[in-house]
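# Report on the structure
Residue-level listing of the chains:
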Amino acid sequence: MTFKKLVIFDRDDTLIRDVPNLKSVSDINWLPGRLGILKALSEQSTLIAIATNQSAIGRGLLSVEEFESISEAIRRQLKENGISLWGLVACPHMPFENCGCRKPKPGLLNRLVEVAQRSDLEIFFVGNADSDMEAAKASRFQISGVKIEPTSLNGFENILNSRAEAKGK
Ligand SMILES: [Mg+2]
Ligand SMILES: [Zn+2]
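Given the structure is predicted, the values throughout are model-derived calculations rather than measurements. (Residues numbered from 1 in each chain as written. Chains lettered and ligands numbered in written order. Predicted model: local features only at pLDDT ≥ 70, side-chain atom pairs only at ≥ 80, totals over all residues. Heavy atoms only, no water.)

## So, the overall build of the protein
What the protein contains, in helices and strands, is six helices and five strands. Listed by position from the N terminus, the elements making up the protein come as β-α-β-α-α-β-α-β-α-β-α. Its C-alpha atoms give the protein a radius of gyration of 15 Å, near enough to 15 Å, the size a compact globule of 169 residues would have. Across its three principal axes, the protein shows a C-alpha extent of roughly 45 × 35 × 25 Å. Counting across all 169 residues of the protein, residues that qualify as buried make up 47%. Across the protein, contacts joining residues at least 24 apart in sequence account for 70% of those joining residues at least 6 apart. Accessible surface for the protein amounts to roughly 8,400 Å². Of this, 49% is attributable to carbon and sulfur atoms. Charge-centre separation for the protein: the mean point of 22 positive side chains lies 4 Å from the mean point of 21 negative side chains. (Helix = DSSP H or I, 4+ residues; strand = E, 2+ residues; numbered from the N terminus. Rg over C-alpha atoms; globule rule 2.2 N^0.38 Å. Buried < 20%, exposed > 50% of the residue type's maximum accessible area, 1.4 Å probe, protein only. Contact = heavy atoms within 4.5 Å. Areas by Shrake-Rupley, 256 points an atom, 1.4 Å probe, with all protein chains shown as cover. Lys, Arg positive; Asp, Glu negative; His and termini not counted. Charge placed at Lys NZ, Arg CZ, Asp CG, Glu CD.)

Take a look at the structure:
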């Protein structure tokens, strides 16, 4: 399969409900319609990834192991719905650490694009926060920021209907 799009999603309040220091698998709540959209995207030859700020790790409120077990559960739940998660990156730092990966910095997004090693992909970053949109804009790659609301499906249709087909390949 030739992939045409890379769609990166923020995690909290974009794909799943924002639960502070989420560490219990039973607290993973998919927002309305998300699994259906992800399924449709994966059927369109799309690489699907997640980029999430998790300063709770830096603050000591969430261990790396707890975060990884949540990530594994998310990956498993997606798989059960026929969706394969290509990439997942997180920033564990606190704001004052001034790292290059905490959104609105573009480090997480750049890392995913670099790993994909493809200049012909159409790239989107979907998020619910202004800082998500700033991260997309700050990237040295061309990434279209798509701002969405946690309880609405508005905006997702732009990604599903994007002109990636017209690019050929
Ligand atoms: Mg969010
Ligand atoms: Zn960071």
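## With respect to the coordination of the magnesium ion (ligand 1)
Each protein donor to the magnesium ion (ligand 1) is listed here as Asp 10 (OD), Asp 12 (O) and Asn 128 (OD1); together their distances run 2.2 Å. One chain supplies every donor for the magnesium ion (ligand 1), spaced along it as D-x1-D-x115-N. Within this pair, whereas Asp 12 is found in the loop between strand S1 (5-9) and helix H1 (34-42), its partner Asn 128 is found in the loop between strand S4 (122-127) and helix H5 (130-138), the two being separated by 116 residues in sequence. By relative accessible area, Asp 12 is classed as buried at 14%. (Donors = N, O, S within 2.8 Å, 3.2 Å for Na, K, Ca; no water.)

## Structural notes on the coordination of the zinc ion (ligand 2)
Protein ligation of the zinc ion (ligand 2) involves Cys 91 (SG), His 93 (ND1), Cys 99 (SG) and Cys 101 (SG), the donor distances falling in the range 2.0 to 2.3 Å. Geometry at the zinc ion (ligand 2) is tetrahedral, judged from its four donor atoms and the angles of 100 to 116° they form at the metal. Sequence spacing among the residues donating to the zinc ion (ligand 2) works out to C-x1-H-x5-C-x1-C. (Tetrahedral: all angles 85-135°; square planar, octahedral: opposite > 155°, others 65-115°.)

## Focus: the nonpolar core
Phe 9, Ile 28, Trp 30, Leu 38, Ile 74 and Val 126 are the most contacted members of the largest nonpolar core, which has 25 residues in total. Residue assignment for this core shows that the elements contributing at least two residues are S1, H1, strand S2 (46-53), helix H3 (64-80), S4 and helix H6 (156-160). Looking at which element gives the most residues to this core, the answer is H3, with four residues. What Ile 74 contacts, discounting residues up to four positions off in sequence, is Arg 11, Ile 16, Ile 28, Trp 30 and Ile 50. Counting residues in each nonpolar core, the second largest holds 20 residues, with Cys 99, Leu 108, Ile 123 and Ile 143 among its members. (Core = buried A, V, L, I, M, F, W, Y, C linked by side-chain atoms within 4.5 Å.)

## A word on the environment of Phe 9
Turning to its location among the elements, Phe 9 is positioned in strand S1. Along the backbone, Phe 9 and Ile 48 are 39 residues apart, and their C-alpha atoms lie at a distance of 7.7 Å.

## Things to note about the environment of Ile 70
Its place among the elements puts Ile 70 in helix H3. Separated by 15 residues in the primary sequence, Ile 70 and Ser 55 have C-alpha atoms spaced 15 Å apart. Residues contacting Ile 70, with those up to four places away along its chain left out, are Arg 11, Leu 22, Lys 23, Ser 24, Val 25 and Ile 28.

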